[in-house]
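Single-letter residue listing:
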Amino acid sequence: MSYKYAYITGCLVLLLFWLFIFFKRKDLRREMFWASFWGMPFGFIDFFLVRALYWNPDSLFGFIKKYGVGIESFIFLFVMAGIASVIYEFLLKEKPVKLARGNRRHFGLLFFIAFTYAAVSILFPSKAIYNLMIIGAIGVIITVYLRGDLWKQIFASAFIFSFLYLGIFILINSIFKGFVEYSYNLENTWGILVLGIPLEEIGVAFFAGAFWSTIYEYTKSYRGKRIVSWCPKHQTSFSDLEI
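Residues numbered from 1 in each chain as written. Predicted model: local features only at pLDDT ≥ 70, side-chain atom pairs only at ≥ 80, totals over all residues. Heavy atoms only, no water.

Caption draft 1: Quick look at the packing of aromatic side chains. In total, this model carries 34 aromatic pairs according to the counting rule given. Plain terms: the ring middles of phenylalanine 211 and tryptophan 212 are 5.5 Å apart, the flat faces sit at 85° to each other, and that makes the pair edge-to-face. For phenylalanine 211, a relative accessible area of 6% translates into the label buried. Classification of tryptophan 212 by relative accessible area gives buried; the value is 4%. By way of ring pairs, the aromatic residues Tyr3, Tyr7, Tyr54, Trp55, Phe76, Phe161, Tyr165, Phe169, Phe179, Tyr182 and Tyr184 are connected into one cluster. (Phe/Tyr/Trp six-rings, centres within 6.5 Å; stacked < 30°, edge-to-face > 60°. Buried < 20%, exposed > 50% of the residue type's maximum accessible area, 1.4 Å probe, protein only.)

Caption draft 2: Quick peek at the packing of helix H5 (residues 71-92) against helix H8 (residues 151-175). Across the interface, H5 lies against H8 with an axial gap of 9 Å and an inter-helix angle of 125°. As far as their axial angle goes, H8 and H5 are oblique. Handedness of the crossing formed by H5 with H8: right-handed. Each of Phe76, Met80, Ile83, Ala84, Ser85, Ile87, Tyr88, Glu89 and Leu91 in H5 lies in contact with H8, whose residues at this interface are Lys152, Gln153, Ala156, Ser157, Ile160, Phe161, Leu164 and Tyr165. Taken together, the residues of the contact of H5 with H8 break down into 12 nonpolar, three polar and two charged. (Axes fitted to C-alpha atoms, helices over the stretch in contact; angles between N-to-C directions. Helix = DSSP H or I, 4+ residues; strand = E, 2+ residues; numbered from the N terminus. Parallel < 35°, antiparallel > 145°, perpendicular 65-115°, else oblique. Left-handed = near helix turned anticlockwise from the far one by under 90°. Contact = heavy atoms within 4.5 Å. Nonpolar A, V, L, I, M, F, W, Y, C, P; charged D, E, K, R; others polar.)

Caption draft 3: Representation of the pattern of salt bridges. Per the counting criterion, the structure on display carries three salt bridges. A salt bridge links aspartate 58 to lysine 65; its shortest N-O distance comes to 3.6 Å. Here arginine 147 and aspartate 149 are joined by a salt bridge, their closest N and O atoms 2.9 Å apart. The class for arginine 147 is buried, based on a relative accessible area of 10%. (Salt bridge = Lys/Arg side-chain N within 4 Å of Asp/Glu carboxyl O.)

Caption draft 4: Fine view of a nonpolar patch on the surface. Judged by side-chain polarity, Trp151, Phe155, Phe159 and Phe163 come together as a nonpolar surface patch covering roughly 490 Å² of accessible area. The topology assignment puts phenylalanine 163 in helix H8. (Patch = residues over 30% accessible without salt bridge, like charges linked within 9 Å, V, L, I, M, F, W, Y side chains within 5 Å. Areas by Shrake-Rupley, 256 points an atom, 1.4 Å probe, with all protein chains shown as cover.)

Caption draft 5: Just the environment of threonine 219, in detail. Following the sequence through the fold, threonine 219 ends up in helix H11 (residues 215-219). Its relative accessible area of 0% is what places threonine 219 among the buried residues. Side-chain polar atoms of threonine 219 contact the backbone oxygen of isoleucine 215, separated by 2.7 Å. (Polar contact = N/O pair within 3.5 Å; in protein donor to acceptor, adjacent residues only side chain to side chain.)

Structure representation (C-alpha cells):
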C-alpha cells in the first residue's frame with residue numbers, strides 16, 4: 001500500500017474541523033487565525049523528529065524524506081494550533097475578554113519555546129520527541145505560573161484536543177493500514193501503542209493542546225472567558241442588551 005497521501009489526509013481531516021469552527025463562530029476567527037499563523041512556522045519540528053529517527057513518513061513530492069520537512073508539516077501545525085486555541089471556547093460557547101490593563105504584547109514565550117526546543121534537539125538529537133513533550137510542559141507551567149486564571153482552559157483543552165487527535169489518527173491508521181509500522185521507528189519509542197497509536201503521539205497532542213489553548217490570551221493579555229449567546233441564524237453573538 002502507498003502511504004504517500006496518509007499524512008496530508010490527516011491534515012485535511014483536521015482542516016475540516018478547523019473550517020467548521022472558523023465558519024461556525026465568527027467571534028473566534030481572529031483568535032483562531034492568529035494562533036494558526038504563529039503555529040505554522042513550528043512545522044520545522046518535523047526536521048528534528050526525522051533526524052532523530054523517530055519517524056520518516058512518505059509525503060507529497062517526497063519532501064520529508066529529502067529535507068526532513070514537507071508541505072504537510074506546516075499545514076498540520078497551522079490547523080493544529082488554530083483548533084487547539086479555540087476548541088475550549090467553541091464547546092463551552094465562550095469568548096475571550098480583554099484585560100483592563102492589557103495593551104502589552106508578550107511574544108517572549110513563543111520565541112522561548114521555539115528556540116529552546118531547537119537548541120535542546122541539537123544537543124540531544126536522538127530524544128527529539130521527548131524534548132518536544134518536555135518543552136511543551138515547561139511552556140504550560142510558565143503560562144499557569146504567570147496566568148493562573150487560565151489553568152482550567154489549559155487542562156480542559158489538553159484532554160479535548162488529545163481525544164480529537166487520537167480519533168483522527170485512528171481513522172488514518174485504519175484507512176492506510178500499516179501506516180504506523182511503516183512511518184514510525186517503533187524501536188526508538190517507548191513501544192506502547194494505544195489503539196495502535198504510539199503513546200508519544202498522544203503525549204505530544206496533550207501538551208500541544210495545553211500550550212496553544214491559551215497562547216492567544218497570554219500573548220495579547222486577554223483574561224478568562226465570558227459566556228456568549230450565539231445566534232445560529234445570523235452567525236453572531238447577541239449583545240448583553242439583547243438577552
